[in-house]
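Working through the structure, step by step
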Amino acid sequence: MYMQEILDEIVATIGQSDDRGQVANYIPQLACIDPNQFAISVAMADGRVFHAGLSDTLFSIQSISKMFTLTIALGKLGDAVWNKVGREPSGDPFNSIVQLEHENGKPRNPFINAGAIAIADAIMMGHQPKETLAEILNFVRFLAEDDSISIDETVAQSELKTGDRNASLAHFMASFGHINHPVDHVLGTYFHHCSIAMNCQQLAKAGLFLVADGMDPVSKKRVVSSQRARRINSLMLMCGHYDGSGEFAFRVGLPGKSGVGGGILAIAPGKASIAVWSPGLDEVGNSKLGTQALEKLVQQTGWSIFGH
Ligand code: GLN
């Protein structure tokens, strides 16, 4: 079966499901998104791209941005990143605070909220939030080869107003001496990078460097070393879906990063970068239909990293 047929079938079946999950309701601006939307894009290592559904509709990438900020932090700090965050799955919800107390305020990995806040602090390195955000945005635009990508300020303000839990995480880490900038600056940076708006076409393109050992296989731009690409993929596999990471590895078998906007970026090493979006979430905050779509795609392509 050809890729376009596979995607069209996914949109016609899974994309039409009645059981779509719940949109994130703790961020008011995300709570008003229509759950009846679905999109999928596949950017292949050989340069071909395939799309189905609403693949040019923008959505809030939310925690998918944590893959981009981790990549930037690794570029700036190298292995010193691991002094700030660990690299073990958390097994706790994405916004959990309990583990921080047990491990002296050091987040278990860069993809839970606490970890991403610590990474935002690391990237700032004496810069103002605006400068840091410009750097993050430029990196994403460079990867996607699209300068129109921007931050949805309404979503960022909505997160800021309802961000008590994230503020608690940041202050708690600061109490252990893990935050080096004013907490409100770090939180502002974090909320804004979560509020980057992208569509599936842009997101799939932006993930391509993780498909081919750190080099965009189409533009031939080297983004990171092959070792770094492998490591980012391994973190996405182990921690990219929070306390649903085991389930995602079991069902899909690809490194992936989800966001509460309903997007998932999944990497089939050597094969393709896949972006899928459906706003309804499962109990742990991962796109319900997005996961089903990836499960189906992997069944049809044999792309699971664990074998056909
Ligand atoms: N900005 C969201 C938050 O902090 C990101 C969470 C997510 O996508 N899992 O809660």
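The structure reproduced in this document is the subject of the present report.

Procedures and definitions
- Residues numbered from 1 in each chain as written.
- Predicted model: local features only at pLDDT ≥ 70, side-chain atom pairs only at ≥ 80, totals over all residues.
- Heavy atoms only, no water.
- Phe/Tyr/Trp six-rings, centres within 6.5 Å; stacked < 30°, edge-to-face > 60°.
- Helix = DSSP H or I, 4+ residues; strand = E, 2+ residues; numbered from the N terminus.
- Buried < 20%, exposed > 50% of the residue type's maximum accessible area, 1.4 Å probe, protein only.
- Core = buried A, V, L, I, M, F, W, Y, C linked by side-chain atoms within 4.5 Å.
- Contact = heavy atoms within 4.5 Å.
- Salt bridge = Lys/Arg side-chain N within 4 Å of Asp/Glu carboxyl O.
- Polar contact = N/O pair within 3.5 Å; in protein donor to acceptor, adjacent residues only side chain to side chain.
- Pairing = 2+ DSSP bridges.
- Axes fitted to C-alpha atoms, helices over the stretch in contact; angles between N-to-C directions.
- Expected span 1.5 Å × (residues − 1).
- Parallel < 35°, antiparallel > 145°, perpendicular 65-115°, else oblique.
- Left-handed = near helix turned anticlockwise from the far one by under 90°.
- Nonpolar A, V, L, I, M, F, W, Y, C, P; charged D, E, K, R; others polar.
- Near = heavy atom within 4 Å.
- Areas by Shrake-Rupley, 256 points an atom, 1.4 Å probe, with all protein chains shown as cover.
- 1 Å grid on protein atoms, 1.4 Å probe; cavity = no way out; pocket = protein on both sides within 12 Å on 5 of 7 lines; lining within 4 Å.
- Sits in = over half its atoms within 2 Å of the grid points.

Turning our eyes to something else, we now look at the packing of aromatic side chains. Within the structure shown, the criterion is met by five aromatic pairs. Summarising the aromatic geometry, the rings of Phe59 and Trp277 are spaced 5.0 Å apart at their centres and angled 5 degrees between planes, so their arrangement reads as stacked. Taken together, the residues span a long stretch of sequence, with Phe59 in strand β3 (residues 59–60) and Trp277 in strand β8 (residues 272–277) at a distance of 218 residues. You can call Phe59 buried: its relative accessible area is 5%.

Attention now goes to the nonpolar core. Counting residues in hydrophobic clusters, the biggest one holds 63 residues, and the most contacted among them are Phe68, Leu70, Ile117 and Met198. When residues in this core are grouped by element, the largest group, eight residues, is from helix α6 (residues 113–124). Apart from residues no more than four positions distant in its own chain, Ile117 is found in contact with Asn166, Leu169, Ala170, Met173, Ile179, Val186, Leu187 and Tyr190. Of all hydrophobic cores here, the second largest spans 27 residues; its members include Phe50, Ala52, Phe248 and Leu297.

Let us now look at the pattern of salt bridges. For the structure shown, the criterion picks out twelve salt bridges. The closest approach of N and O atoms between Glu135 and Lys76, which form a salt bridge, is 3.0 Å. One end of the pair, Glu135, is in helix α7 (residues 129–144); the other, Lys76, is in helix α3 (residues 65–77), and 59 residues separate them in sequence. Ionic pairing is found between Glu247 and Arg251, a salt bridge with its closest N-O pair at 3.9 Å. Within this pair, Glu247 and its partner Arg251 are both found in helix α13 (residues 245–251), separated by four residues, close to a single helical turn. We classify Glu247 as partly exposed; its relative accessible area is 44%. Members of the salt-bridge network, linked through shared partners, are Glu145, Lys205, Asp216 and Lys221.

With respect to the secondary-structure elements, Asp216 resides in the loop between α11 (200–206) and α12 (226–239). Asp216 gets classed as buried once you look at its relative accessible area, which sits at 3%. At a separation of 2.8 Å, a polar atom in the side chain of Asp216 contacts the main-chain amide nitrogen of Val218. Among the polar contacts made by the side chain of Asp216, one reaches the main-chain amide nitrogen of Ser219 at a distance of 3.1 Å. With sequence-adjacent residues up to four places away left out, Asp216 is seen in contact with Leu143, Lys205, Leu208, Phe209 and Lys221.

Of note in the backbone geometry, Gln62 takes a positive phi value of approximately 45 degrees without being a glycine. Exposure remark for Gln62: the relative accessible area of 3% places this residue in the buried category. Non-glycine residue Tyr242 carries a positive phi angle of around 55 degrees. Looking at the element boundaries, Tyr242 is found in the loop between α12 and α13.

The strand order across the open sheet built from five strands is β2-β1-β8-β7-β6, with neighbouring strands paired in antiparallel fashion. Each end of this open sheet is capped by a strand with a single partner; those strands are β2 (49–53) and β6 (256–258). Each neighbouring strand pair of the sheet contributes to a mean axis angle of 10 degrees, computed without reference to strand direction. Pairing of β6 with strand β7 (residues 263–268), which is carried by three bridges, proceeds in the antiparallel orientation. Along β7, the bridge assignment pairs Ser258 with Ile264. The sheet strands contacting helix α1 (residues 3–12) are β1 (39–44) and β2, and the helix crosses β2 at an angle near 20 degrees.

With 13 residues, α3 ought to run about 18 Å at 1.5 Å a step, and its terminal C-alpha atoms sit 18 Å apart, in line with that. Most of α3 sits out of view: ten of its 13 residues are buried. Along α3, the residues that are buried comprise Ser65, Lys66, Met67, Phe68, Thr69, Leu70, Thr71, Ile72, Ala73 and Leu74. Where α3 terminates, the next one or two residues include Gly78, which has phi positive at roughly 60 degrees.

This part covers the packing of α6 against helix α10 (residues 183–194). Two quantities define a packed helix pair, namely the angle between the helix axes and the distance between the axes. As a packed pair, α6 and α10 sit with axes 9 Å apart at the nearest point and diverge in direction by 110 degrees. Between α6 and α10, the angle is such that the two are roughly perpendicular. You can see that α6 and α10 cross each other, and the crossing is right-handed. Packed against α6, whose contacting residues are Asn113, Ala116, Ile117, Ala120, Asp121 and Met124, the element α10 presents His185, Val186, Leu187, Thr189, Tyr190 and His193 at the interface. For the contact of α6 with α10, the per-class residue count stands at seven nonpolar, four polar and one charged.

Let's shift gears to the site of the ligand. Close contacts around the ligand come from Tyr26, Gln62, Ser63, Phe94, Asn113, Glu159, Asn166, Tyr190, Cys194, Tyr242, Gly259 and Val260, and that covers them all. Between an oxygen atom of the ligand and a side-chain N or O atom of Tyr26, the distance comes to 2.5 Å. A distance of 2.7 Å is found between an oxygen atom of the ligand and a side-chain nitrogen or oxygen belonging to Tyr190. Calculation on the ligand without its partners gives an accessible area of 290 Å², and the protein chains cover 99% of this total. The site holding the ligand turns out to be the largest pocket. A class-by-class count of the residues in the shell around the ligand yields six nonpolar, five polar and one charged.

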